[in-house]
Amino acid sequence: MITSSAPGKIYLFGEHAVVYGENAICCAIELRTHVQAEFNDHIEINSVLGRSGLNFEKHPYVSAAIERMKEFAPVDGVKININSELPVGSGLGSSAALTVSTIQALNHLFHCGLSLEQIADLGYNVEWDVQGNASPTDTYVSTMGGVFMLPSRRKLELNDCGIVIGDTKKNSSTKKLVTNVAELKNRFPEIVTSILSTIGKITYCGEYSVCNGDYESIGKLMNINQGLLDSIGVGSLELSQLIYSARSKGAYGAKLTGAGGGGCMIALADASKTVDVSDAIKSAGGVPITTNITDKGVVVE
Ligand code: MEV
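Residues numbered from 1 in each chain as written. Predicted model: local features only at pLDDT ≥ 70, side-chain atom pairs only at ≥ 80, totals over all residues. Heavy atoms only, no water.

1. Some remarks on the site of the ligand
Turning to step 1, where the next piece is worked out: As a matter of local geometry, the ligand sits amid Lys9, Tyr11, Glu15, His16, Val18, Val19, Ser135, Gly258 and Ala259.
Turning to step 2, where the next piece is worked out: With respect to the ligand, the backbone of histidine 16 contributes an N or O atom lying 2.9 Å from an oxygen atom.
Turning to step 3, where the next piece is worked out: If the ligand stood free it would expose 300 Å²; the protein chains cover 87% of that surface.
Turning to step 4, where the next piece is worked out: Among the residues making up the shell around the ligand, the classes are represented as four nonpolar, three polar and two charged. (Near = heavy atom within 4 Å. Polar contact = N/O pair within 3.5 Å; in protein donor to acceptor, adjacent residues only side chain to side chain. Areas by Shrake-Rupley, 256 points an atom, 1.4 Å probe, with all protein chains shown as cover. Nonpolar A, V, L, I, M, F, W, Y, C, P; charged D, E, K, R; others polar.)

As structure tokens, then:
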């Protein structure tokens, strides 16, 4: 039996702007999706959603990953068990972590010899197969682990910072939010283009602060980034409630992460403040998860 796991991700800066070629910083986090794979006489997939065979409705990412892996090995009889620490559909890259972890488990079980680059590319293809659109970022960061400047994929170092995630438990559609921003940009091209370009500049400044471990500046830049995300319509009342409550308890900064609309926010906080920030998020109606950034990408455990 092979057990693999892969991390989720957060955007420190730059979501939405990155769609238009601006800089963004994306970080793998310690919350992981674990996949067990063993030989079986037929295909069986088990998760909290129940048991199925190859089933593109119940288990689309694992089913599409199995189909893609058939290019490298006869993946006809395998039992897959999924166990995830990541909330689904809330902007933390849960589908990428599941996809990448499944590919790595099958890669080892069937001795395919795929490299990490190949796994990231295949993962991107699987997300395309399922979603009809996808950004390569989530699968890349989940495969490699660490902190990356995008779109260049330059690796950065950021250690020892407390991240408190607040889940609004409100699902949102990335496709719809990206479309809404595109429509706003068509309607007010000069204004929205300059907002997106300012987000790119925030990321650029943020890179300097990340490299210097200057959490106070990172936090201030996160707050400015949040204001601009709100201005292009991807915030929400629920996100703002969690963001302001985290800031009021001494977080360096707080912003939404991912597409917005609902999903999750993140707060950067000193280790001495993470409990207070987490309690504040809970009191404001969110589900807090304290985590950290990780260098550990997809691994066989
Ligand atoms: C979604 O996690 C991040 C967006 O920038 C979309 C994308 O980059 O594909 C909103």
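What follows continues from the structure just given.
2. With respect to the domain arrangement of the protein
Turning to step 1, where the next piece is worked out: Per the domain assignment, the segments of the protein are domain 1 (2-155) and domain 2 (159-291).
Turning to step 2, where the next piece is worked out: Taking only C-alpha atoms into account, the centre of domain 1 sits 24 Å from that of domain 2.
Turning to step 3, where the next piece is worked out: With 26 residues of domain 1 in contact, the opposing surface of domain 2 contributes 38 residues.
Turning to step 4, where the next piece is worked out: Across the domain 1 to domain 2 interface the summed buried area is about 2,500 Å²; carbon plus sulfur atoms make up 67%.
Turning to step 5, where the next piece is worked out: It is Phe13, His16 and Tyr20 in domain 1 that bury the most area against domain 2; as a group they hold 28% of the surface buried on that side.
Turning to step 6, where the next piece is worked out: Linking arginine 154 and glutamate 207 is a salt bridge whose minimum nitrogen-to-oxygen distance equals 2.6 Å.
Turning to step 7, where the next piece is worked out: With five residues, strand 2 (residues 24-39) is the single largest residue contributor to the side of domain 1 that touches domain 2. (Domains from an automatic or database assignment. Contact = heavy atoms within 4.5 Å. Buried area = accessible area lost by both parts, 1.4 Å probe. Salt bridge = Lys/Arg side-chain N within 4 Å of Asp/Glu carboxyl O. Helix = DSSP H or I, 4+ residues; strand = E, 2+ residues; numbered from the N terminus.)

3. Structural notes on the state of the cysteines
Turning to step 1, where the next piece is worked out: Within this structure, the stated rule accounts for zero disulfides.
Turning to step 2, where the next piece is worked out: Note on cysteine 26: no disulfide assigned, nearest cysteine sulfur contributed by cysteine 27 at a separation of 6.5 Å.
Turning to step 3, where the next piece is worked out: No disulfide involves cysteine 264; its sulfur sits 13 Å from the nearest other cysteine sulfur, which is in cysteine 26.
Turning to step 4, where the next piece is worked out: Relative accessible area serves as the criterion here: at 0%, cysteine 264 is assigned to the buried category. (Disulfide = S-S within 2.5 Å. Buried < 20%, exposed > 50% of the residue type's maximum accessible area, 1.4 Å probe, protein only.)

4. Some remarks on helix 6 (residues 189-211)
Because each turn of an α-helix spans 3.6 residues, side chains separated by three or four positions in sequence point in the same direction.
Turning to step 1, where the next piece is worked out: Taking 1.5 Å of rise per residue, the 23 residues of helix 6 would be expected to cover 33 Å, and the 33 Å separating its terminal C-alpha atoms lies within 8% of that figure.
Turning to step 2, where the next piece is worked out: Listing the buried residues of helix 6 in full gives Val192, Ile195, Leu196, Ile199, Gly200, Ile202, Thr203, Gly206, Glu207, Ser209 and Val210.
Turning to step 3, where the next piece is worked out: Its buried side turned inward, helix 6 meets strand 1 (2-13), strand 2, strand 6 (147-150), strand 7 (154-156), helix 5 (174-187) and helix 7 (215-231).
Turning to step 4, where the next piece is worked out: Just downstream of helix 6 lies glycine 213, where phi reads positive at about 60°. (Expected span 1.5 Å × (residues − 1).)

5. As for the pairing of strand 8 (residues 162-167)
Turning to step 1, where the next piece is worked out: For strand 8, the buried fraction is high: six of the six residues fall into the buried class.
Turning to step 2, where the next piece is worked out: Of the two faces of strand 8, the one carrying Gly162, Val164 and Gly166 and the one carrying Ile163, Ile165 and Asp167 are both buried.
Turning to step 3, where the next piece is worked out: Relative to strand 10 (residues 264-269), strand 8 runs antiparallel, the two being bridged by six bridges. In the sheet register, valine 164 faces strand 10, and the bridge partner there is alanine 267. (Pairing = 2+ DSSP bridges.)

6. Here's the deal with the pattern of salt bridges
Turning to step 1, where the next piece is worked out: This model, assessed by the stated rule, comprises 10 salt bridges.
Turning to step 2, where the next piece is worked out: Across the pair glutamate 67 and lysine 70 runs a salt bridge, and its minimum N-O distance is 2.9 Å.
Turning to step 3, where the next piece is worked out: On the basis of relative accessible area, lysine 70 is assigned to the partly exposed category, the value being 34%.
Turning to step 4, where the next piece is worked out: Via salt bridges that share partners, Arg68, Glu71 and Asp129 belong to a single interconnected network.

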